[in-house]
Amino acid sequence: MKIACFSTKPYDEKFLSAAAENFSHEMVFLEHRLDASTVVLVDGCDAVCAFVNDTLDASVLEKLSEFGIGLLAMRCAGINNVDLDAAAKFGVRVVRVPRYSPYAVAEHTVGLILTLNRKIHKAYNRVRENNFSIDGFLGFDLHGRTFGVIGTGAIGRVLARIMNGFGCRVLLYDPYPNEEAKQLGEYVALERLLAESDLVSLQCPLTPETHHLINADRLSKMKRGAMLVNTSRGGLVDTSAAIEGLKSGQLGGFALDVYEEESGVFFEDLSQEVMQDDVLSRLMTFPNVLITSHQAFFTREALETIAQTTLQSIDAFSRGEELVNEVVATPS
Ligand code: NAD
């Protein structure tokens, strides 16, 4: 099969090409994001491989179907950018990589927390300028703090285990509690988690129900001065509300690897351009905000597994075999 791989950077090409050596499929690597203006590039291909900021709405899926694309292989876990109803309607089957490395994301989450709390990013710059003062870098012990995990799936559980290691009291919230997680913390109602946690971390998918899960109302219910961490999907947080929370001091810190309007910005080098997103610009001005550009997944182990699983799904599709990582729309 010939596969059009969108939004590919050199690192994607490297890992996907290596995985493809074990299969007889041709990969076409495209730097473009997939959307209505680029969908024509799939002409002559049999399958499409896409990523988190590609647009897979009804109009794009209809076009994919018209071009004869039977499979959409998402090389990620969260597929909130795919209209699954439309995919079913237009006969495009969808697979994803449900598990690659929960450690990659959980460990990056901890990295953000430590960096923001202990100001390691600022210390790095200060020392490079021969300034060895530590004034302004005062942090707090994680030991003994209450850590709230919203979403106790694969990543949430790894994170809860790590935070236990720091000596945190771990509170958990998930509408679908998990037996394993019960050993790692106490399941409580969301309101209680927000009220009691010194740090709150989001590890749940973006769905219509979780969109702006953290909004002005929920922020007001958080412990004053608590830190919010989002390494899941930007749409989970109402960014404007978070900015107001930061301005008032209600929110004591905000670490994020994802942003609701990240498409077209994250993963790109815009250093020579004028930033057009005023919300993101404002966010970047706060001393107690730390932003990374959707890199929590970005470890060697994760990229190897993503590439391998993606190629296995494509190969299974080409052979008419069962697609173990297929996702279908849940009936409403
Ligand atoms: P998972 O499916 O194993 O777990 C998700 C958990 O969220 C489940 O237990 C589910 O019950 C729970 N959940 C659903 N609705 C909820 C709600 N309203 N409130 C609280 N919890 C809810 O997924 P995972 O592998 O742990 O990944 C979690 C998310 O992390 C993904 O959906 C994805 O968006 C994000 N992610 C980000 C990166 C990154 O690079 N930043 C990489 C991988 C995954």
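Residues numbered from 1 in each chain as written. Predicted model: local features only at pLDDT ≥ 70, side-chain atom pairs only at ≥ 80, totals over all residues. Heavy atoms only, no water.

In the annotation of an unreviewed UniProt entry, the protein is listed under the name D-lactate dehydrogenase and assigned to Rhodopirellula islandica. If you open the UniProt record of the protein and go to Sequence similarities (unreviewed entry), you find "Belongs to the D-isomer specific 2-hydroxyacid dehydrogenase family." (UniProt positions renumbered as here; feature names shortened; annotations may be inferred.)

Enquirer: Sorry, what's going on with the UniProt feature "domain: D-isomer specific 2-hydroxyacid dehydrogenase catalytic" (unreviewed entry) in the protein here?
Expert: Per the UniProt annotation, the sites labelled "domain: D-isomer specific 2-hydroxyacid dehydrogenase catalytic" (unreviewed entry) are residues 9-327. Counting secondary structure, residues 9-327 comes out at 37% helix and 14% strand; the distance between its end C-alpha atoms is 25 Å. (Helix = DSSP H or I, 4+ residues; strand = E, 2+ residues; numbered from the N terminus.)

Enquirer: Would you mind going over helix α10 (residues 239-248) with me for this structure?
Expert: Because each turn of an α-helix spans 3.6 residues, side chains separated by three or four positions end up pointing in the same direction. Every buried residue of α10 is accounted for by Thr239, Ala241, Ala242, Ile243, Gly245 and Leu246. In this structure, the buried side of α10 is in contact with α9 (216-221), β11 (251-256), α11 (278-284) and β12 (289-291). (Buried < 20%, exposed > 50% of the residue type's maximum accessible area, 1.4 Å probe, protein only. Contact = heavy atoms within 4.5 Å.)

Enquirer: Explain the sheet that holds strand β2 (residues 26-29) to me, please; I cannot follow it from the model alone.
Expert: Consider a sheet: its strands pair through backbone hydrogen bonds, and that pairing is either parallel or antiparallel. In spatial order, the strands read β2-β1-β3-β4-β5; together these five strands make up an open sheet with parallel pairing. Strand pairing shows two members of the sheet lacking a second neighbour, β2 and β5 (93-95), which therefore form its edges. Recorded for the sheet is a direction-independent mean angle of 20° between the axes of neighbouring strands. In this structure, strand β1 (residues 2-5) lies alongside β2, joined through four bridges in parallel fashion. Bridge pairing in β2 places Lys2 opposite Glu26. Along the sheet, helix α1 (residues 10-20) makes contact with β1 and β2, crossing β2 at roughly 170°. Against the sheet, helix α12 (residues 300-318) touches β1, β2, β3 (47-50), β4 (71-74) and β5, its axis set at about 165° to β4. (Pairing = 2+ DSSP bridges. Axes fitted to C-alpha atoms, helices over the stretch in contact; angles between N-to-C directions.)

Enquirer: How should I be thinking about the domain arrangement of the protein in this particular structure?
Expert: Size of an interface, as often reported, equals the accessible area lost when the parts are brought together. Domains assigned within the protein are domain 1 (2-100 + 299-327) and domain 2 (102-291). Computed from C-alpha atoms alone, the centre-to-centre distance between domain 1 and domain 2 is 30 Å. On the domain 2 side, the residues contacting the 12 residues of domain 1 number 10 residues. Interface area for domain 1 against domain 2, summed over the two sides, is near 1000 Å², with a carbon-plus-sulfur share of 51%. Linking domain 1 with domain 2 are one salt bridge. The partner of Lys9 in a salt bridge is Glu268, and the shortest N-O contact between them spans 3.3 Å. Our count for the domain 1 to domain 2 interface comes out at seven residue pairs in polar contact (both at pLDDT 80 or more). (Domains from an automatic or database assignment. Buried area = accessible area lost by both parts, 1.4 Å probe. Salt bridge = Lys/Arg side-chain N within 4 Å of Asp/Glu carboxyl O. Polar contact = N/O pair within 3.5 Å; in protein donor to acceptor, adjacent residues only side chain to side chain.)

Enquirer: Help me understand the UniProt feature "domain: D-isomer specific 2-hydroxyacid dehydrogenase NAD-binding" (unreviewed entry) in the protein, please; the structure alone is not making it clear to me.
Expert: UniProt annotation of "domain: D-isomer specific 2-hydroxyacid dehydrogenase NAD-binding" (unreviewed entry) refers to residues 110-296 when read in the numbering used here. Secondary structure over residues 110-296 splits into 34% helix and 16% strand, and the C-alpha atoms at its two ends are 10 Å apart.

Enquirer: What is the right way to read the pairing of strand β10 (residues 226-230) from this model?
Expert: Strand residues, when the strand is regular, have side chains that alternate between the two faces of the sheet. For β10, the buried fraction is high: five of the five residues fall into the buried class. Direction of pairing for strand β9 (residues 199-202) relative to β10: parallel, over a ladder of four bridges. Bridge pairing links Leu199 to Met227 in β10. Handedness of the β9-α9-β10 crossover: right-handed. Read from β10 through α10 to β11, the crossover connection turns out right-handed. (Right-handed = clockwise from strand over helix to strand, strands pointing away.)

Enquirer: Could you clarify how one ought to interpret the site of the ligand in this entry?
Expert: In the neighbourhood of the ligand, 24 residues make up the surrounding shell, with Tyr100, Ala154, Ile155, Asp174 and Thr231 lying closest. Between an oxygen atom of the ligand and a side-chain N or O atom of Asp174, the distance comes to 2.6 Å. Contact between the ligand and Asp257: a nitrogen atom at 3.0 Å from a side-chain N or O atom of the residue. Summarising the interface, the protein chains cover 86% of the accessible area of the ligand, which totals 860 Å² for the free molecule. For the shell around the ligand, a count of residues per class yields 12 nonpolar, eight polar and four charged. (Near = heavy atom within 4 Å. Areas by Shrake-Rupley, 256 points an atom, 1.4 Å probe, with all protein chains shown as cover. Nonpolar A, V, L, I, M, F, W, Y, C, P; charged D, E, K, R; others polar.)

Enquirer: Looking at this structure, how should I read the pattern of salt bridges?
Expert: Two side chains carrying opposite charge are able to pair once their charged atoms lie near each other. Scanning the entire structure with this criterion turns up 17 salt bridges. Across the salt bridge formed by Arg157 and Glu180, the nearest N and O atoms sit 3.1 Å from each other. Pair noted here: Arg157 is in helix α6 (residues 154-165) and Glu180 is in helix α7 (residues 179-182), with a separation of 23 residues, a long-range link. The residue Lys221 makes a salt bridge to Asp217 at a minimum N-O spacing of 3.0 Å. Highlighted residues: Lys221 and Asp217, both in helix α9, separated by four residues, approximately one helical turn. Assessed through its relative accessible area of 35%, Lys221 is described here as partly exposed. When salt bridges with common partners are traced through the structure, they connect Arg169, Glu186, Arg192 and Glu196 into a single cluster.

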